[in-house]
Amino acid sequence: QVHLVESGGGLVQPGGSLRLSCTASGFSLAYYGIGWFRQAPGKQREGVSCISATYSRTYYSNSVEGRFTVSRDNAKNTVYLQMNNLEPEDTAVYYCAAHADPIGLCKVEYDYWGQGTQVTVSS
């Protein structure tokens, strides 16, 4: 079976850091572009970051540029989202998703989605 599982969420104080992981089972992430998304209560889902399979090109939304870093470790079949200098506005459920275009960066349609991990930034 194909699964994407996010982990690493939790409660952190403003200014703190978290590293989210997106681990695949049943397929190799090495051939998939990955998107990170988040959804806060009462708000639409927001695209946060993307990383391509080929050349590991990256994209960041304006709201996280300079604070978040996306990376991949194909040997561990995992993509990471390092989140630094977290703000209360970053509070949301974070999702990763995979698309089967090794060259593509961010996509509108994704093939697989994870179940999400909660990130809460609060003092």
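A. Layout of the state of the cysteines. What the rule picks out here adds up to two disulfides. Paired by a disulfide, Cys50 and Cys106 hold their sulfur atoms 2.0 Å apart. The sign of the S-S torsion, about 120°, decides the handedness of the disulfide formed by Cys50 and Cys106: right-handed. Of the two residues, Cys50 sits in strand β5 (residues 46-51) while Cys106 sits in the loop between β9 (92-99) and β10 (112-113), which places them 56 residues apart along the sequence. Once the disulfide-bonded cysteines of the protein chain are ranked by sequence position, their pairing pattern turns out to be 1-3, 2-4.

B. Broad picture of the packing of aromatic side chains. Going through the model one piece at a time under the given rule, you end up with six aromatic pairs. Considering the side-chain rings of Phe37 and Trp113, the 4.9 Å spacing of their centres and the 45° angle between planes classify their relative orientation as tilted. Residue Phe37 is found in strand β4 (residues 33-39), and its partner Trp113 is found in strand β10; the two are separated by 76 residues along the sequence. Among the residues examined, Phe37 registers a relative accessible area of 12% and is labelled buried. Within the aromatic cluster, the residues linked to one another by ring pairs are Phe27, Tyr32 and Tyr112.

C. Geometry of the pattern of salt bridges. For the structure on display, the rule yields five salt bridges. We note a salt bridge from Arg67 to Glu87, for which the minimum N-O separation is 3.9 Å. Of this pair, Arg67 sits in the loop between β6 (58-60) and β7 (68-73) while Glu87 is found in the loop between β8 (78-83) and β9, placing the two residues 20 residues apart along the sequence. Looking at Glu87, the relative accessible area reads 31%, which means it is partly exposed. Where Arg67 meets Asp90, a salt bridge forms, and the shortest distance between an N and an O atom there is 2.7 Å. With Arg67 in the loop between β6 and β7 and Asp90 in the loop between β8 and β9, the pair connects residues that are 23 residues apart, well separated along the chain. Looking at Asp90, the relative accessible area reads 1%, which means it is buried. It is possible to trace a salt-bridge network through shared partners that takes in Arg38, Glu46, Arg67, Glu87 and Asp90.

D. How the structure looks around the sheet that holds β8. Ordered by their spatial adjacency, four strands build an open sheet running β1-β3-β8-β7, and the pairing between neighbours is antiparallel. Bordering the open sheet on either side are β1 (3-7) and β7, each of which pairs with just one other strand. Each strand axis lies, on average, 15° off the axis of its neighbour in the sheet, ignoring direction.

What counts as what
Residues numbered from 1 in each chain as written. Predicted model: local features only at pLDDT ≥ 70, side-chain atom pairs only at ≥ 80, totals over all residues. Heavy atoms only, no water. Disulfide = S-S within 2.5 Å. Helix = DSSP H or I, 4+ residues; strand = E, 2+ residues; numbered from the N terminus. Phe/Tyr/Trp six-rings, centres within 6.5 Å; stacked < 30°, edge-to-face > 60°. Buried < 20%, exposed > 50% of the residue type's maximum accessible area, 1.4 Å probe, protein only. Salt bridge = Lys/Arg side-chain N within 4 Å of Asp/Glu carboxyl O. Pairing = 2+ DSSP bridges. Axes fitted to C-alpha atoms, helices over the stretch in contact; angles between N-to-C directions.

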